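Each chain, letter by letter, is given below.
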Amino acid sequence: MEQRTCNIIMCCKGHCELDNAGNTSMDAIAAYMSKECACPKEDYKGQLMESILRTAMFDFFSCADKPDVELRHLFYQYATQEPSLSERICTMFQLTQVRNSDGSYANGFSDKLLAQSEKDIGGQ
């Protein structure tokens, strides 16, 4: 898994502590990408955000232990609303497993990735 993918997943899981992280996963990802790429946070929306999330999703699937479980999270049917693809990917990342029940890492996560993520987005 690439570091950026790990950081985006951690943003979705609510671990972004950057000053302008906002209250949603999309806000946190925008704050992280703004810091990472030195572009205004406001630029990260719409098609650009979807492209970033899709790239992270493909990278994540390349190392997911059980991609079928992750795909179920992605395509889950919502009773009261129809979320965008970006919102669905964020939800899938919120639900993805970082560790197995025995404490070992799952889905391509590692000590190195998580330690760097803590530096990049400000917390675990």
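Computed from a prediction, not measured in an experiment: that's the story for all the values here.

With respect to the side chain of Glu 50
Position of Glu 50 relative to the elements: it lies in helix H3 (residues 46–61). Once you skip the residues sitting within four places of it in the chain, Glu 50 turns out to touch Leu 85 and Ser 86.

Things to note about the packing of aromatic side chains
This model, assessed by the stated rule, comprises 2 aromatic pairs. Aromatic pair Phe 60 and Phe 61: ring centres 6.0 Å apart, planes at 45°, arrangement tilted. Comparing Phe 60 with Phe 61, the two get one shared label, buried. Here Phe 60 and Phe 93 contribute two aromatic rings whose centre-to-centre distance is 5.8 Å and whose plane-to-plane angle is 80°, an arrangement assigned as edge-to-face. Taken together, the residues span a long stretch of sequence, with Phe 60 in helix H3 and Phe 93 in helix H5 (residues 85–95) at a distance of 33 residues. Assigned by exposure class, Phe 60 and Phe 93 land together as buried. Through a chain of ring-to-ring contacts, the aromatic side chains of Phe 60, Phe 61 and Phe 93 assemble into a single cluster.

Considerations on the environment of Cys 11
Mapping Cys 11 onto the fold places it in helix H1 (residues 3–12). The class of Cys 11 is buried, set by a relative accessible area of 2%.

Thresholds applied
Residues numbered from 1 in each chain as written. Predicted model: local features only at pLDDT ≥ 70, side-chain atom pairs only at ≥ 80, totals over all residues. Heavy atoms only, no water. Helix = DSSP H or I, 4+ residues; strand = E, 2+ residues; numbered from the N terminus. Contact = heavy atoms within 4.5 Å. Phe/Tyr/Trp six-rings, centres within 6.5 Å; stacked < 30°, edge-to-face > 60°. Buried < 20%, exposed > 50% of the residue type's maximum accessible area, 1.4 Å probe, protein only.

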